Amino acid sequence: MTTATAPAGYNFAYLDEGTKRMIRRAILKAIAIPGYQVPFGSREMPLAYGWGTGGMQVTAAVIGASDRLKVIDQGADDTTNAVSIRRFFARTAGVATTERTAEATIIQTRHRIPERPLREGQVLVYQVPMPEPLRFIEPRESETRKMHALVEYGAMHVRLYEDIAAHGRITTAYGYPVLVNGRYVMSPSPIPKFDNPKMDMMPALQLFGAGREKRIYAVPPYTPVRSLDFDDHPFAIERGDQPCALCGSTDTYLDEVVVDDRGGRVFVCSDSDHCGERQEAGRAAPARA
Amino acid sequence: MTEAPLLRVRGLSHAYGSRIACSAVDVEVWPGEVLAIVGESGSGKSTLLNCISGRMRPGAGEVLYRAKDGREVDLWQASDAQRRLLARTELGMVHQNPRDGLRLGVSAGGNVGERLMAVGARNYGAIRATAAEWLARVEIDVGRIDDLPRTFSGGMQQRLQIARVLVSRPRLVFLDEPTGGLDVSVQARLLDLLRSLSRDLGLASIIVTHDLAVARLLAHRICVMRGGEVVEDGLTDRVLDDPRHPYTQLLVSSVLPP
């Protein structure tokens, strides 16, 4: 656990109070209208666009001195993006950080939802590159806003139709569009569709920040989130048929890791914290072979 | 069936700055009727069509459409939601250039199915079967259902666009120069197709064209426009065989005999 004091010259959590207030207003509106994209005045962050500037601004706006922050990138706590953002808040806000999902109050994430079910009181902050799920079919912002306003979501199914027509099944594997609270179609950010069911009725608050596109949206706790599908091609999650090479888990999302230059590869849990916990538990009681 | 007009346009005017495109146009279309709007380039035909098809707000005037439930809706007094709902269910628009009316990055089946999905169809098998049926109706080989429209010829693209519009069983279809840019034999097949489809479906349509032969073949009635005004209208044969207005006379006499 790191505890540092904020360096002189920086406000708590980097952003100035006026900016944080503006972002909080956007967040409150986003929570009030689940799935609706609220525009906000995205700031320059000391990080390139595409590296999580949206998520960082949301985190900076909601974090308090007593919070405990966890940052994951593709499920792992030890990748460059996760390490640098975690250290950024440790230094500018002086908050405690952790790699344990259970201990964290705020979890900023890129591309994954932790395997361990989240509980009430936790906040999950997603980094979003492309907040508009309709963009692929309609390039005009004025038009997509109108489509959201009038619930014209037929075009979303054209995308799924094309998948089935070309491949015999829905092949969209990440960023799989969802319908939030029976009203707004929302991009869940590029999480694998394996994680989509976890969003449904989640006890934790889910916030989404897109820095370059200047949008914030949210899913309040216990909100229904349904993945779009066809009656005769229902939504289904996909998972490799192997167990994790490290912890033996058969129900987690796996990453493929190349281990040598002769084509050797193993599959391991992408959630490094969950995998580590299972390995520890396995060492303590090696009951299963 | 014909107790009330399907569409009534009253005093429709539109100007682009100081240039007047349409002035006080009155038009009526009855159920099952095909109306041709003819005139030279710049006579205001396309402006009129854009205004009455709900795609461009006119400067003045009313566009009264009698919806399926019998009520008359002024398209430009109605809410955006209602106008857009009508535009993708009861009305249809066939563009001169199929690229404007099709999604070129989406397969033929997806193009035809879109209007079904837009009104809530959620069964892939049923959507696909309907799409295949409509491709057959517009004489496109069903084996090409998964091909992209950009691999189609111009005539096929135009027929695909027609299938895409008609699949939702609209009651009134707007066609803007549907045969423009096609060679004569393809034009003839397309006209044949349009004529049989509109007869089979009891479809009312408004066709904008500068080709009097197209108007003669398809239309029951003709409106002749010039300088933003309707100078003459009446039954097709009457207007073409016995034109009264000097401009119509000029128009009819300037058609080259083949």
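Residues numbered from 1 in each chain as written. Chains lettered and ligands numbered in written order. Predicted model: local features only at pLDDT ≥ 70, side-chain atom pairs only at ≥ 80, totals over all residues. Heavy atoms only, no water.

A closer look at the overall build of chain B
Per the secondary structure count, chain B includes 10 helices and 10 strands. Computed over the C-alpha atoms, the radius of gyration of chain B is 18 Å, within 12% of the 18 Å expected from 2.2 N^0.38 for a compact globule of 258 residues. Taking the principal axes of its C-alpha atoms as reference, chain B extends roughly 55 × 45 × 40 Å. Counting the 258 residues in chain B, one finds 52% classified as buried. (Helix = DSSP H or I, 4+ residues; strand = E, 2+ residues; numbered from the N terminus. Rg over C-alpha atoms; globule rule 2.2 N^0.38 Å. Buried < 20%, exposed > 50% of the residue type's maximum accessible area, 1.4 Å probe, protein only.)

So, the domain arrangement of chain B
Interfaces are often sized by the accessible area lost when the parts come together. Residue and element names in this part refer to chain B. The assigned domain composition of chain B is domain 1 (1–90 + 171–258) and domain 2 (103–169). Domain 1 and domain 2 are separated by 25 Å when their C-alpha centres are compared. With 17 residues of domain 1 in contact, the opposing surface of domain 2 contributes 16 residues. Surface buried jointly by domain 1 and domain 2 totals about 1,400 Å² across both partners, of which 64% is contributed by carbon and sulfur atoms. When residues of domain 1 are sorted by the area they lose upon contact with domain 2, R88, L193 and L201 head the list and together hold 34% of the total. (Domains from an automatic or database assignment. Contact = heavy atoms within 4.5 Å. Buried area = accessible area lost by both parts, 1.4 Å probe.)

Quick notes on helix α5 (residues 124–137) of chain B
Residues and elements named next belong to chain B. For α5, which comprises 14 residues, the first-to-last C-alpha distance of 20 Å matches the rise-based estimate of 20 Å (1.5 Å per residue) to within 8%. Residues Y124, I127, A131, A132, W134 and L135 constitute the buried set of α5. Projection of α5 onto a plane perpendicular to its axis shows the buried side chains occupying an angular sector of 165°, all on one side. For α5, the capping residue at the N-terminal end is N123, with a side-chain oxygen 3.1 Å from the backbone nitrogen of G125. After α5 finishes, the residue E139 shows a positive phi value of roughly 65°. (Expected span 1.5 Å × (residues − 1). Arc of directions from axis to C-beta. Polar contact = N/O pair within 3.5 Å; in protein donor to acceptor, adjacent residues only side chain to side chain.)

Looking at empty space enclosed by the protein
All names here are of chain B. In this structure the tally under the stated criterion is 2 cavities of 30 Å³ or more. Counted as a void, the largest cavity has a volume near 120 Å³. Taken together, 13 residues make up the lining of the largest cavity; nearest its centre are L175, L194, S198, L203 and S205. Sorting the residues of the lining of the largest cavity by element identifies α6 (154–166), β7 (172–176), α7 (184–201) and β8 (204–209) as the ones contributing at least two each. Top element by residues in the lining of the largest cavity is α7. It accounts for 3 residues. Residue classes in the lining of the largest cavity are distributed as 11 nonpolar, 2 polar and no charged. Considered as a void within the structure, the second largest cavity measures approximately 30 Å³ in volume. Of all the elements in the fold, those that place two or more residues in the lining of the second largest cavity are α6 and α7. It is α7 that contributes the most residues to the lining of the second largest cavity, 3 residues altogether. (1 Å grid on protein atoms, 1.4 Å probe; cavity = no way out; pocket = protein on both sides within 12 Å on 5 of 7 lines; lining within 4 Å. Points joined across faces, edges and corners; volume = space filled by probe spheres on them. Nonpolar A, V, L, I, M, F, W, Y, C, P; charged D, E, K, R; others polar.)

Some points on the confidence of the model for chain B
Residues and elements named next belong to chain B. Scored by pLDDT, chain B has a mean of 91; 99% of the residues are at 70 or more. Within chain B, α7 has the poorest average pLDDT of any element, 86, and α5 the best, 95. Per the prediction output, this complex has pTM 0.87; the corresponding ipTM is 0.86. (pLDDT = per-residue confidence, 0-100.)

With respect to the pattern of salt bridges
Tallied over the full model, the rule gives 41 salt bridges over all chains. Salt-bridge contacts for D147 of chain B lead to R144 of chain B; the nearest nitrogen and oxygen are separated by 3.0 Å. You can call D147 of chain B partly exposed: its relative accessible area is 29%. Taken together, the shared-partner salt bridges connect K70, D77, R86 and E99 of chain A into one network. (Salt bridge = Lys/Arg side-chain N within 4 Å of Asp/Glu carboxyl O.)

Thoughts on the interface of chain B and chain A
Contact with chain B, which involves 21 residues of that partner, is made by 19 residues of chain A. Both sides together, the interface formed by chain B and chain A hides about 1,800 Å², and carbon and sulfur atoms give 56% of it. Sorting the residues of chain B by area buried against chain A places R84, R122 and Y124 of chain B first, and these three jointly supply 42% of that buried surface. Between the two partners, chain B and chain A, sit 4 salt bridges. Residues R84 of chain B and E152 of chain A are paired through a salt bridge, measuring 2.7 Å at the closest nitrogen-oxygen approach. Taken together, the elements giving at least two residues each to the side of chain B that touches chain A come down to α2 (80–89), α4 (108–118) and α5 of chain B. Looking at which element gives the most residues to the side of chain B that touches chain A, the answer is α4 of chain B, with 5 residues. In terms of residue class, the side of chain B that touches chain A is made up of 7 nonpolar, 6 polar and 8 charged.

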